Amino acid sequence: MSIKVYVPLDSGSVALGADDVASAIAAKASKAGSDVKIVRNGSFGMYWLEPMVEVETPRGRVAYGPVSTDDIDALFEADFLTGGLHKLYLGRTQDIPFLKSQSRLTFQRCGIVDPVSLEDYRANDGLTGLENALKMTDEEIVKAVTDSGLRGRGGAGFPTGIKWNTVREADGDQKYIVCNADEGDSGTFADRMIMEGEPFVLIEGMIIAGLATGATKGYVYTRSEYPTAIDVMNEAIKVARAAGVLGDNVLGSGNAFDIEVRMGAGAYVCGEETSLLNSMEGKRGVVRAKPPLPALEGFLGRPTVVNNVISLCSVPVILEKGAEYYRDYGMGRSRGTIPIQIAGNVKHGGLYEVGFGLTLGEIVEQIGGGTATGRPVKAVQVGGPLGAYFPKELFDTPFDYEEFAKRDGLIGHAGVVVFDDTVDMMKQARFAMEFCAIESCGKCTPCRIGSIRGTEVVDKLERGEQPELQIELLRDLCETMKFGSLCALGGFTPYPVLSALTHFPDDFKPRALDIAAE
Amino acid sequence: MSETTEDQNVRVAAICDQLITLEGPLLPILHEVQEEFGYIPDGALQTIAKKLNLSRAEVHGVASFYHDFREEKAGKHVIKICRAEACQAMGADALGDQIRRHLKVDWSQTTADRKITLEPVFCLGLCACAPAAMIDGKVVGRVNADRILEKVGS
């Protein structure tokens, strides 16, 4: 029997050389006459160990990493195909502390399974949630999701069950489930990882959403920057159709549901649900005023659920193990688990799924291991480009929607970007405004014009032109953007700007020297 | 040497016919046209507009809204460097400066010999292996200027 060797197909692993490692192992194995079957799996999300190669042995899967093509000869010499010792040997995958200390509910199979093998998925309890849902009424499904306490993981934190109920009760011949996979926030990659590593859980979640609301068609709107995720999703959809999981007769139940993948075109604002819908309709990705809510008038004017990837991927486990099981994780009004993405200048960067409630300090220093450069941490931006910068003084903030809001921050899509003490916070504040200007859809004035004025004000501040006045102006401008913008792009850009200004005032002092022109 | 406008229109029309039954076909059509020609030829806008019963201005409005759609062909190689925060934390600004200096281009420009186009990108989802780039559609993480330039033979 051939020996199974796992080398991730995950973009993060591939970016670090996984494709070359896979070819090198295959070539060496064939030369050595070893019977090896290489499985391209998802990543477990420990990016400092990627490319992480695993071998199936009688005592379980053992891991080696980070592996480069230069290590292959030595790995074969060390007999890694039977789990032999080598300097890159990490022990059994499941025992690696970073992984072992997590509560993987949403990502339970990511890394373990062959992403496009439905047999693998079923063998690891996949589709159990859907099978349970098929025995329930639409109301019961909605109730389970509501009772679980699941809130939108895209950032807004709106209760998923309530959104579903609105669509369920809406009149319409055709309803839609739209999965928002337009993961544009810097520091986030959970959507990408799960689409690449465990696509069937998204498919399953979307079908359950369809059963709960009466929608028969689903769309996954994702980014052109994610070609591998698109390929894996499309392949998984094909497999699911062939197996009767998708189609006119979902698992023989008589219910219809099908899914199509749509690709965006490099517009950050399309992660906002109404501009996403416009984009899907073939329009400019301009934000729509609400009401009407997408739940009532969404894609093509029809009732539409728009949910983030992680929200939908959390549904199968709720239907499999019950609302209480999921709700028992977490704290306060933030129930369940959250896949935290630890990124930027950090030693142990990756994805860490855990119940809500860890403090920011625990996440950055204990789990993340501090900075990659070894310098002190100066600031941590949580929640993407529209999230606040937190100083070390606020490291006791628990990871929770409300606790972050109390400190003028947001958890967003749960990206945590670490900066060391070389970061210039005035530059970061300027970048937030610049990014908003580049990505503004142009619909509302505070965002379209405010962001440009914002960069100009920071430039004046940097040049030392009436600094007190500029700071007052910047704060005032942020107020206008916060309360006058139509969507979160203009409305939340003030978070990084104001937090930088509030927590790092020293960085906003006029510069003695002219900073090199950008 | 180059194909006639007539030929081009036939190819664009064929793409439209193939995708027109989708719900909201315009973005898939634009992607496919760009895949076919490497950019969205000016003449394609009118053909698409006719097929979808839109005005040429509407199609132009959509094509010009999205960063991905090009009005002219890119260079032989396309380097996309992430300029977002997680990559900034690992030196992406300096990396971008180095590459721009070496290639003597600014963001979204192509070198004089049409060999290399340099584009900014805001997040490739490789934030735990920053700084990241995408070169001719292939992702690279923890990258430096030498490795990027080596990959495009510059």
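Residues numbered from 1 in each chain as written. Chains lettered and ligands numbered in written order. Predicted model: local features only at pLDDT ≥ 70, side-chain atom pairs only at ≥ 80, totals over all residues.

1. Concerning the overall build of chain B
Argument step 1. Broken down by element type, chain B carries seven helices and five strands.
Argument step 2. Listing each helix as α and each strand as β along chain B from the N terminus yields α-α-α-α-β-α-α-β-β-β-β-α.
Argument step 3. By principal-axis analysis of the C-alpha atoms, chain B measures approximately 50 × 35 × 25 Å.
Argument step 4. Per-residue burial for chain B yields a buried fraction of 40% across its 154 residues.
Argument step 5. In chain B, once contacts between residues fewer than 6 apart in sequence are set aside, the share between residues at least 24 apart is 57%. (Helix = DSSP H or I, 4+ residues; strand = E, 2+ residues; numbered from the N terminus. Buried ≥ 20, exposed ≤ 12 C-beta atoms within 10 Å, placed from the backbone. Contact = placed C-beta atoms within 7 Å.)

2. Some points on the interface of chain B and chain A
For an interface, size is often stated in terms of accessible area lost upon the parts coming together.
Argument step 1. Tallying the contact residues gives 34 residues for chain B and 47 residues for chain A.
Argument step 2. Among the elements of the structure, helix 2 (26-37), helix 4 (56-65), helix 5 (85-88) and strand 5 (138-140) of chain B are those that each provide at least two residues to the side of chain B that touches chain A.
Argument step 3. Taken together, the residues of the side of chain B that touches chain A break down into 23 nonpolar, seven polar and four charged. (Nonpolar A, V, L, I, M, F, W, Y, C, P; charged D, E, K, R; others polar.)

3. Focus: the confidence of the model for chain B
Argument step 1. For chain B, per-residue confidence averages 96 on the pLDDT scale, and residues scoring 70 or more make up 98% of the total.
Argument step 2. Confidence estimates for the predicted assembly give a pTM of 0.97 and an ipTM of 0.96. (pLDDT = per-residue confidence, 0-100.)

4. Here's the deal with the sheet that holds strand 1 (residues 3-6) of chain A
All names here are of chain A.
Argument step 1. Read across the sheet, five strands follow the order 2-1-3-4-5 without closing on themselves; strand pairing throughout is mixed. On the outer flanks of this sheet lie strand 2 (36-39) and strand 5 (89-92), each paired with one strand and no other. Sheet twist, expressed as the average angle between the axes of neighbouring strands with direction ignored, equals 25°.
Argument step 2. One ladder, built from three bridges, connects strand 4 (residues 60-64) with strand 5; its direction is antiparallel. Paired with Ala63 across the bridge in strand 5 is Gly91. (Pairing = 2+ DSSP bridges. Axes fitted to C-alpha atoms, helices over the stretch in contact; angles between N-to-C directions.)

5. Considering the packing of helix 19 (residues 467-484) of chain A against helix 21 (residues 494-503) of chain A
All names here are of chain A.
Argument step 1. Where helix 19 contacts helix 21, the two axes come as close as 10 Å, and the packing angle between them is 150°. As judged from the angle between their axes, helix 19 and helix 21 are roughly antiparallel. Once helix 19 is placed against helix 21, the crossing between them reads as left-handed. Touching Ile471, Leu474, Arg475, Cys478, Met481 and Lys482 of helix 19 are Pro494, Val497, Leu498 and Leu501, all from helix 21.
Argument step 2. Split into classes, the residues belonging to the contact of helix 19 with helix 21 amount to eight nonpolar, no polar and two charged. (Parallel < 35°, antiparallel > 145°, perpendicular 65-115°, else oblique. Left-handed = near helix turned anticlockwise from the far one by under 90°.)

6. Observations concerning the domain arrangement of chain A
All names here are of chain A.
Argument step 1. Per the domain assignment, the segments making up chain A are domain 1 (3-100), domain 2 (118-327), domain 3 (330-420) and domain 4 (425-508).
Argument step 2. Look at where the C-alpha atoms of domain 2 and domain 4 centre, and you get two points 34 Å apart.
Argument step 3. Between domain 2 and domain 4, the residue contacts involve nine residues of the former and eight residues of the latter.
Argument step 4. Its residues assigned to classes, the side of domain 2 that touches domain 4 shows six nonpolar, two polar and one charged. (Domains from an automatic or database assignment.)

7. Points about the environment of Thr5 of chain B
Residue and element names in this part refer to chain B.
Argument step 1. Looking at where Thr5 falls in the secondary structure, it is placed in helix 1 (residues 5-19).
Argument step 2. Owing to 13 C-beta atoms within 10 Å, Thr5 belongs among the partly exposed residues under this scheme.
Argument step 3. Note: C-alpha distance between Thr5 and Ala44 (39 residues apart in sequence) is 9.2 Å.

8. Digging into the pairing of strand 9 (residues 304-308) of chain A
Residues and elements named next belong to chain A.
Argument step 1. In terms of residue burial, strand 9 counts as a mostly covered element, since five of its five residues are buried.
Argument step 2. Both faces of strand 9 are covered, namely the face carrying Thr304, Val306 and Asn308 and the face carrying Val305 and Asn307.
Argument step 3. Alignment of strand 6 (residues 176-181) against strand 9, held across five bridges, turns out to be parallel. Pairing of Asn180 across the sheet is with Asn308, part of strand 9.

9. Regarding the nonpolar core
Argument step 1. Judged by nonpolar contacts, the single largest core of 220 residues is most densely connected at Cys179 and Ile203 of chain A together with Ala130 and Ala132 of chain B.
Argument step 2. Per element, the largest residue contribution to this core is 10 residues, and it comes from helix 10 (residues 199-213) of chain A.
Argument step 3. Not counting residues within four places of it along the chain, the set of residues in contact with Ala132 of chain B comprises Ala15 of chain A together with Cys82, Cys87, Leu124, Leu126, Val139, Val140, Gly141 and Val143 of chain B. (Core = buried A, V, L, I, M, F, W, Y, C linked by C-beta atoms within 7 Å.)

10. So, unusual backbone geometry
Argument step 1. Here the bond from Pro291 of chain A into Pro292 of chain A is cis, since omega is 0°, no more than 30 degrees from zero.
Argument step 2. Checked against the element boundaries, Pro292 of chain A lands in the loop between helix 12 (273-280) and strand 9.
Argument step 3. In this structure, Pro131 of chain B follows Ala130 of chain B across a cis peptide bond, with omega equal to -5°.
Argument step 4. Turning to its location among the elements, Pro131 of chain B is positioned in the loop between strand 3 (116-121) and strand 4 (133-135).
Argument step 5. The phi dihedral of Leu127 of chain A is positive, around 75°, even though this residue is not glycine.
Argument step 6. The topology assignment puts Leu127 of chain A in the loop between helix 5 (118-123) and helix 6 (128-134).
Argument step 7. Given 22 C-beta atoms within a 10 Å radius, Leu127 of chain A is considered buried.
Argument step 8. Here the phi dihedral of Ser108 of chain B falls at roughly 65°; this positive angle occurs in a residue that is not glycine.
Argument step 9. Note that Ser108 of chain B resides in the loop between helix 6 (92-103) and strand 2 (109-110).

11. Structural notes on the sheet that holds strand 9 of chain A
All names here are of chain A.
Argument step 1. On the basis of which strands lie adjacent, the open sheet formed by four strands has the order 8-7-6-9 and parallel pairing. Strands with a single pairing partner mark the edges of an open sheet, and in this sheet they are strand 8 (258-263) and strand 9. Taken pair by pair, the neighbouring strands of this sheet meet at an average axis angle of 20°, ignoring direction.
Argument step 2. Inspection of the sheet shows strand 6 paired to strand 7 (residues 217-222) by six bridges, in the parallel sense. Residue Tyr176 lies in a different strand from strand 7, and its bridge partner there is Lys217.
Argument step 3. Along the sheet face, helix 13 (residues 309-321) touches strand 6 and strand 9 and points at about 95° away from the line of strand 9.

12. So, the packing of helix 7 (residues 138-148) of chain A against helix 8 (residues 160-169) of chain A
Residue and element names in this part refer to chain A.
Argument step 1. With their axes 7 Å apart at the nearest point, helix 7 and helix 8 run at an angle of 160° to one another. In this view, helix 7 runs roughly antiparallel relative to helix 8, as classed from their interaxial angle. Between helix 7 and helix 8 the crossing geometry is left-handed. Residues Asp138, Val142, Val145 and Thr146 of helix 7 form the contact with helix 8, whose own contacting residues are Thr160, Gly161, Ile162, Trp164, Asn165 and Arg168.
Argument step 2. Partitioning the contact of helix 7 with helix 8 into residue classes produces four nonpolar, four polar and two charged.

13. Let's talk about helix 4 of chain B
Residues and elements named next belong to chain B.
Argument step 1. When we look at burial in helix 4, the residues that qualify are Val59, Val62, Ala63 and Phe65. Buried residues of helix 4, seen end-on, are gathered within an arc of 165° and therefore sit on one face of the element.
Argument step 2. Among the structural elements, helix 2 and helix 3 (42-52) are those in contact with the buried residues of helix 4. (Arc of directions from axis to C-beta.)

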